[in-house]
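Now for the letters of each chain:
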Amino acid sequence: MGPTRKPNVCSRLSRRALGCFSRDAGVVQRTNLGILRALVCQESTKFKNVWTTHSRSPIAYERGRIYFDNYRRCVSSVALEPRKLYEMPRCSKSEKIEDALLWECPVGDILPNSADYKSSLIALTAHNWLLRISATTGKILEKIYLGPYCKFRYLSWDTPQEVIAVKSAQNRGSTVARQAGVPQPILLYLAVFQVLPFSLVGILEINKKSLIHLELIFVYSVRKGSSFNFLHMASQLSQHHLLNRESFPHYTPPLLFEVSSLENAFQIGGHPWHYIITPNKKKQKGVFHICALKDNSLNENVLTVTASGRVVKKSFNLLDDDPEQETFKIVDYEDELDLLSVVAVTQIDAEGKAHLDFHCNEYGTLLKSIPLVESWDVTYSHEVYFDRDLVLHIEQKPNRVFSCYVYQMVCDTGEEEETVNRSC
């Protein structure tokens, strides 16, 4: 049974003003988020579409900032209409930003420059430059050239906010070589850097034999006390050789784990460690098995804990969508407010209508439902972000048309407000 007593926002604010809470920063932060959670879920609070914009280039969202034109223009989402934070100079196609990550100041570290305590955007350009850009001004704070020997394209965190992995595009070789059946010795490159300042850890040349190792290198590298660590492996290789592209002794890490899965579908996590795969048979497509990492056992009673504290108890089938019924499209967990957000879509005649529901993470109770005013085409690509008092929907339509719909939390006064349509 769920709780019956609702938190009183006025009482919490009065107690906070009187200093009734602990001086511990964590207690104050949790109290503030509890107040915000109550405001978000109360009946009189509405989320309204305050502005909408469209773009011919991909749109990205990070921490209250919306990025346009391949991260060249940054707009604040915390406003009733678009407010430009910065716009970087126009550049050629070869200099455009391919991928980016938001870096935030590590807690407790003493940094060399005062500017380093502010958020930065770590960006990878089309001509192989790794940049650190001020998230506030767009100024380039640091840059390093990755070399001309391959085309780097993707960024990801190896250790969040500390170590990044830069992956190249796959080397498919020339058409003539492929037709002649000449094997490609190197499929892709993987460069690993520590952040602030950029410091090379190592570069891996990945071939077909090392692909199975690659998955585990980055799974285990963020787990302390594990039997294998990428940083330790990199220390076995000479950075001098790597930087100067000289030959170095062949080094292959020991095989820790191997499993067969359809279409390379593989996820690992939970506590204790488990992995999710699709059995390697075409008729099993859409079926997922949850297995224990230690012995590969499939157990319907296995407990896999997610980031929201929820438990997955058994393997399950992925059901086909029934267009005449409501279907779940996106499920996410808002950790700061401890809410489970679910996007549900109903097909009405020729178009679909969606609403975003907030559920109590502990009891599953429906606390709030927010209708999305725009139609929802299930054949398009969609991303929905719920970030404190903001809901943002990014949609990719055919012919590379991107739309961004911004909803903000407002107190319902009973008056209709006009949605702002802007070109950013």
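Note that this is a predicted model, so its numbers are computed, not measured.

(A) Region of interest: the overall build of the protein chain. Looking only at helices and strands, one finds six helices and 27 strands in the protein chain. Within the protein chain, the fraction of its 424 residues that count as buried is 40%. Within the protein chain, contacts between residues separated by at least 24 positions form 45% of all contacts whose residues are at least 6 apart in sequence. Carbon and sulfur atoms make up 51% of the accessible area of the protein chain, which totals about 25100 Å².

(B) Seen up close, the pattern of salt bridges. For the structure on display, the rule yields nine salt bridges. With a closest N to O distance of 3.8 Å, E104 and R63 form a salt bridge. Of this pair, E104 sits in the loop between β6 (97-103) and β7 (120-125) while R63 sits in the loop between β2 (60-62) and β3 (65-68), and the two are 41 residues apart along the sequence. Residue classification places E104 among the partly exposed residues on the basis of a relative accessible area of 28%. What makes R63 exposed here is its relative accessible area of 52%. Beyond isolated ion pairs, a larger network of salt bridges with shared partners links D69, R72, R73, K84 and E87.

(C) Looking closely at unusual backbone geometry. The residue N70 is not glycine, and still its phi comes out positive at about 55°. Tracing the backbone shows N70 in the loop between β3 and β4 (73-76). For N70, a relative accessible area of 26% puts it in the partly exposed group. Its identity is not glycine, yet R400 carries a phi of approximately 55°, on the positive side. Note that R400 resides in the loop between β25 (390-397) and β26 (401-411).

(D) Region of interest: the environment of L80. As for its placement among the helices and strands, L80 is situated in the loop between β4 and β5 (83-87). We classify L80 as exposed; its relative accessible area is 58%. Remark: the alpha-carbon pair of L80 and Y407, spanning 327 residues in sequence, is separated by 9.2 Å.

(E) Region of interest: the sheet that holds β4. One open sheet accounts for four strands, arranged β2-β3-β4-β5; its pairing is antiparallel. The strands lining the two open edges of the sheet, one partner per strand, are β2 and β5. Adjacent strand axes in the sheet meet at a mean angle of 25° when their direction is disregarded. Bridge analysis of β2 against β3 gives three bridges, and the strand direction is antiparallel. Across the sheet, E62 pairs through a bridge with R65, a residue of β3.

(F) Local environment of the sheet that holds strand β13 (residues 199-206). In space, the four strands of this open sheet follow the order β10-β11-β12-β13, with antiparallel pairing throughout. Every interior strand has two partners, whereas the edge strands, β10 (152-159) and β13, have only one. Pairs of neighbouring strands in the sheet enclose a mean axial angle of 20°, with direction left out of account. Relative to strand β11 (residues 163-168), β10 is paired through six bridges, and the arrangement is antiparallel. Residue S156 lies in a different strand from β11, and its bridge partner there is A165.

(G) A look at the confidence of the model for the protein chain. Summary statistics for the protein chain give a mean pLDDT of 77 and a share of 69% for residues scoring 70 or more. Taken together, the stretch residues 212-228 has pLDDT below 50 and engages in 41 contacts with residues farther than four places along the chain or on a different chain. Low pLDDT, under 50, characterises residues 238-251; the stretch is placed with 18 contacts to residues that sit more than four places away or in other chains.

(H) Structural view of the pairing of strand β9 (residues 140-145). Pairing of strand β8 (residues 129-134) with β9, which is carried by five bridges, proceeds in the antiparallel orientation. The residue of β9 that forms the bridge with L131 is K143. Here β8 hands over to β9 after five residues, with G138 in that stretch at a positive phi of 80°.

Cut-offs used in this document
Residues numbered from 1 in each chain as written. Predicted model: local features only at pLDDT ≥ 70, side-chain atom pairs only at ≥ 80, totals over all residues. Heavy atoms only, no water. Helix = DSSP H or I, 4+ residues; strand = E, 2+ residues; numbered from the N terminus. Buried < 20%, exposed > 50% of the residue type's maximum accessible area, 1.4 Å probe, protein only. Contact = heavy atoms within 4.5 Å. Areas by Shrake-Rupley, 256 points an atom, 1.4 Å probe, with all protein chains shown as cover. Salt bridge = Lys/Arg side-chain N within 4 Å of Asp/Glu carboxyl O. Pairing = 2+ DSSP bridges. Axes fitted to C-alpha atoms, helices over the stretch in contact; angles between N-to-C directions. pLDDT = per-residue confidence, 0-100.

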